[in-house]
Structures are given as structure tokens and as C-alpha cells.
Amino acid sequence: MVDKIVDLRSDTVTKPTDEMRREMKKAEVGDDVFKEDPTVSKLENKAAEIFDKEAGLFVSSGTQGNLISLLTHAQSGEEVILGRDSHIFNYEVGGFARLGGLSARPIKEEKGRLPLEKLIENIKGSDIHFPEQSLVCLENTHNGHGGVPVSGDYIEKIGQICMQKDLKLHIDGARIFNASVYLEEDVSNLCEPADSIQFCLSKGLSAPIGSIIVGSRDFISRARKNRKIVGGGMRQVGVIAATGLISLDKMIDRLKKDHEKANRLAEGLKDLGFEINPNKFKTNIVYLSLDQMNYSTNEFLGLLKEKGIKALSHEDKIRFVTHREVSKEDINYCLEAIDNLIH
Ligand SMILES: Cc1ncc(COP(=O)(O)O)c(CN[C@H](C(=O)O)[C@H](C)O)c1O
């Protein structure tokens, strides 16, 4: 019997705050299929304003937001260029192919970025052998690459290439606010070149459900119809949107604390003798290689679980994700437990 549970599996496990629960009860609602829910409209408009885009659309998840964005940018039979290690390519059930009839041209990322020369090399232009290409997707922060934040300067360069090659640019910004807080750069600057951005309210920002897509008015109008096609038209959604308003108003700046806790964990693991470079992990995700240990990832996860510590494996590594519900004391507890495990 463990006397403590520390859930480091993901920032998706965050629960709504007490204030969110109070605002849910009070939320003014209407039928959003008729665009009559004032609270979700307020949230969508606020998100658009923060990103300096024309409009926003509330969706049920990051996966749905990415899918709808790709369905809206690209037509069946066209090709999307994205990261070999991206969430869209690996963890969204291939929805873009199954439901969108889209093919993917994956490019191996370096530190969460598509190498510019590789991107240019993979833009094929009109050639009888290749599908028409319509879209480039970036991910910021990059989950599979340790939550690395991608700079605005780099996104600017990608935007210029997309402009020159008549390609749209979508950012999977599930954790874009983690990038913004770490880089100390407004999301409006960070995402200026993007035609669409999907960001999660339900991860570090602690809302119980939901993401938002932002983009041009025309794009969002077409995305709204594609959301309906995938069964995403919602009714009195203001009860959830009320939590998203709190996410945007009060839960962004505190992400810095999650980054500090992740850095403490990485530094502590290094002090315990693990081969880990804490400087690689700048936001709320830490990957631990067990190469020099005598445990498989599953064995190690099992030993952690016996101590009440939950984490996930990612390929051959252990992934730890910090969030609001993990305290500094919890991190110290984890380090002590791991110390006892290996020594
Ligand atoms: C970069 C990125 N983009 C999109 C999504 C999808 O968001 P949801 O569909 O879970 O809301 C995720 C979720 N990531 C989850 C996690 O990290 O625990 C799992 C792996 O799906 C993501 O990390």
C-alpha cells in the first residue's frame, strides 16, 4: 500500500480548479450549433485576440483540433509535410489519412524542428509522380523531443518558405503556452506566420476538456463545418468554455512553475548518476534513458508504480511530465524513491 501517488504520466491528468467548477455552474449557455452560446463565443474571441488571428473555434481535444485543421487546409489526395516524430503523425490514429484521404511526407526533426534544407528538398512542386502538397505542420513545444520550445525566428523562416511555395502552415500548439512562457515571447509573435494553430486548454492550463483552433475568419468558418462533419457540433458548451476562460486568464504564467519542477527532476536524476542533460529539458517534459541501468522501461515503470509514481514510456525512454498537481515535494519524493531503487 503506497502512502502517496505522484502522477507524472502527462499534463493531460490535470483536474479543473475549484474556481473552474464554480464558473461552470454559473456559465451563461445557449445552443452553439446555432452560435448562441455566449460563453464559448467569448472564449473563442478571447483566444483569437491573444493570437492576433481573426477567429477561433472550440473543439473537444487537441486531436480533433489538428484533424479539423488538416481537413480544412488540405483536400483528399493531397499531401501534408510534417515531423517524423510529431504527435499528428504518430498518435492521432492516422485520422488525416483515414478521414481526410491525405498522405503524409514525414521529415526527421532535429531538436523539434524540421531542418530547413530538408523541408525545401521535400517540397516537390507539380510533378506527375507526386501528390499535390498543401500544408506544413509544426509542433511547439515538441512532445517527442522532450518538450523543446521552438523559437519564433525559426517559425518565421518556415513561414517564408511556405509563402514562397504556396503552402499553408499549421502549428500543433498543444503546449504553445509552455513555449511562450519559456521563450518569453507572446504567442501572437511566435505564431504570426501560421495559418492555423491548435492549442490545448486541457493540459497545463488545467481545463477539464478542450482545445481551440485560431486562424482567419474564412478558415474558422470552414473548420466549423468540418467540426460538424466529425460530430463535433456542440450545444450548451458554455459550461466547459467557462473553464477555458479561466485557463487563459489565470493559468498561463504559472506554467513556469511546471518548468522549474521538471528542471529540478532532471537535475536530481543527473545527481543520482543517470546519463541525462538537464539543459535539454526546458519546459515540463523530461525523458530518461535507462541505457546504463539493468532495467527495461517496463520493469522500471513497474518499480516506480510500487512507490506510487506514475510515468509513461516513450519509445525506449521513460517520460515524466510535470503539471499543476505535482508539487516540489512530490518531485523530491520521486527522487528519493528512485535513489532507493537504484542504490
Ligand atoms: C503535441 C500534442 N499534440 C496533440 C495532442 C492531442 O491532444 P488530446 O487529443 O489528447 O487533447 C497531444 C496529447 N499528448 C498526450 C500526452 O502527451 O500525454 C498523448 C500522447 O496523446 C500532444 O502532446
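Note that the structure is predicted; figures quoted are calculated from it, not measured.

1. Structural notes on the domain arrangement of the chain
Examined at the domain level, the chain breaks down into domain 1 (18–250) and domain 2 (254–342). Put simply, the middle of domain 1 and the middle of domain 2, counted by C-alpha atoms, are 29 Å apart. Taken together, the 17 residues of domain 1 in the interface contact 14 residues of domain 2. Around 1400 Å² of area is buried between domain 1 and domain 2 when both sides are counted, 54% of it from carbon and sulfur atoms. Applying the counting criterion to the domain 1 and domain 2 interface returns 0 salt bridges. Counting across the interface, domain 1 meets domain 2 through 5 residue pairs in polar contact (both at pLDDT 80 or more).

2. Observations concerning the layout of surface pockets
A volume near 490 Å³ is recorded for the largest pocket. Gly-144, His-145, Gly-146, Lys-280 and Tyr-287 are the residues nearest the centre of the largest pocket, which is lined by 23 residues in total. Of the residues forming the lining of the largest pocket, the biggest block, 3 residues, is contributed by strand 9 (residues 285–289). Class assignment of the residues belonging to the lining of the largest pocket gives a composition of 6 nonpolar, 8 polar and 9 charged.

3. As for helix 11 (residues 238–250)
For helix 11, with 13 residues, the first-to-last C-alpha span of 18 Å sits near the 18 Å given by 1.5 Å per residue. Most of helix 11 is tucked away: 10 of the 13 residues are buried. On the buried face of helix 11, the contacting elements are helix 1 (18–26), helix 2 (38–51), strand 2 (55–59), helix 8 (176–183) and strand 7 (196–200).

4. Some words on the UniProt feature "coiled-coil region" (unreviewed entry) in the chain
Annotation from UniProt places "coiled-coil region" (unreviewed entry) at residues 245–272. Helix makes up 82% of residues 245–272 and strand makes up 0%, while its end C-alpha atoms are separated by 41 Å.

5. Some details on a negative patch on the surface
There is a patch of like negative charges on the surface, built from Asp-52, Asp-153, Glu-156 and Glu-192. Within the secondary structure layout, Glu-192 lies in the loop between helix 9 (187–190) and strand 7.

6. Concerning the confidence of the model for the chain
Per-residue pLDDT for the chain averages 97, and the proportion of residues at 70 or more is 100%. Among the scores for the predicted complex, ipTM is 0.99 and pTM is 0.98.

7. Details of the UniProt feature "modified residue: N6-(pyridoxal phosphate)lysine" (unreviewed entry) in the chain
As annotated in UniProt, the feature "modified residue: N6-(pyridoxal phosphate)lysine" (unreviewed entry) corresponds to Lys-203 in the numbering used here. With respect to the helices and strands, Lys-203 occurs in the loop between strand 7 and strand 8 (211–215). Setting aside its immediate chain neighbours within four residues, Lys-203 contacts Asp-11, Thr-12, Thr-14, Ala-174 and Arg-175.

8. Examining the packing of helix 8 against helix 12 (residues 255–271)
It is at 9 Å that the axes of helix 8 and helix 12 come closest, and there the two elements cross at 80 degrees. By the angle between their axes, helix 8 is roughly perpendicular relative to helix 12. Contacts between helix 8 and helix 12 involve Phe-177, Asn-178, Val-181 and Tyr-182 from the former and Leu-255, Lys-256 and His-259 from the latter. Broken down by class, the residue content of the contact of helix 8 with helix 12 amounts to 4 nonpolar, 2 polar and 1 charged.

Basis of the calculations
Residues numbered from 1 in each chain as written. Predicted model: local features only at pLDDT ≥ 70, side-chain atom pairs only at ≥ 80, totals over all residues. Heavy atoms only, no water. Domains from an automatic or database assignment. Contact = heavy atoms within 4.5 Å. Buried area = accessible area lost by both parts, 1.4 Å probe. Salt bridge = Lys/Arg side-chain N within 4 Å of Asp/Glu carboxyl O. Polar contact = N/O pair within 3.5 Å; in protein donor to acceptor, adjacent residues only side chain to side chain. 1 Å grid on protein atoms, 1.4 Å probe; cavity = no way out; pocket = protein on both sides within 12 Å on 5 of 7 lines; lining within 4 Å. Points joined across faces, edges and corners; volume = space filled by probe spheres on them. Helix = DSSP H or I, 4+ residues; strand = E, 2+ residues; numbered from the N terminus. Nonpolar A, V, L, I, M, F, W, Y, C, P; charged D, E, K, R; others polar. Expected span 1.5 Å × (residues − 1). Buried < 20%, exposed > 50% of the residue type's maximum accessible area, 1.4 Å probe, protein only. UniProt positions renumbered as here; feature names shortened; annotations may be inferred. Patch = residues over 30% accessible without salt bridge, like charges linked within 9 Å, V, L, I, M, F, W, Y side chains within 5 Å. Areas by Shrake-Rupley, 256 points an atom, 1.4 Å probe, with all protein chains shown as cover. Lys, Arg positive; Asp, Glu negative; His and termini not counted. Charge placed at Lys NZ, Arg CZ, Asp CG, Glu CD. pLDDT = per-residue confidence, 0-100. Axes fitted to C-alpha atoms, helices over the stretch in contact; angles between N-to-C directions. Parallel < 35°, antiparallel > 145°, perpendicular 65-115°, else oblique.

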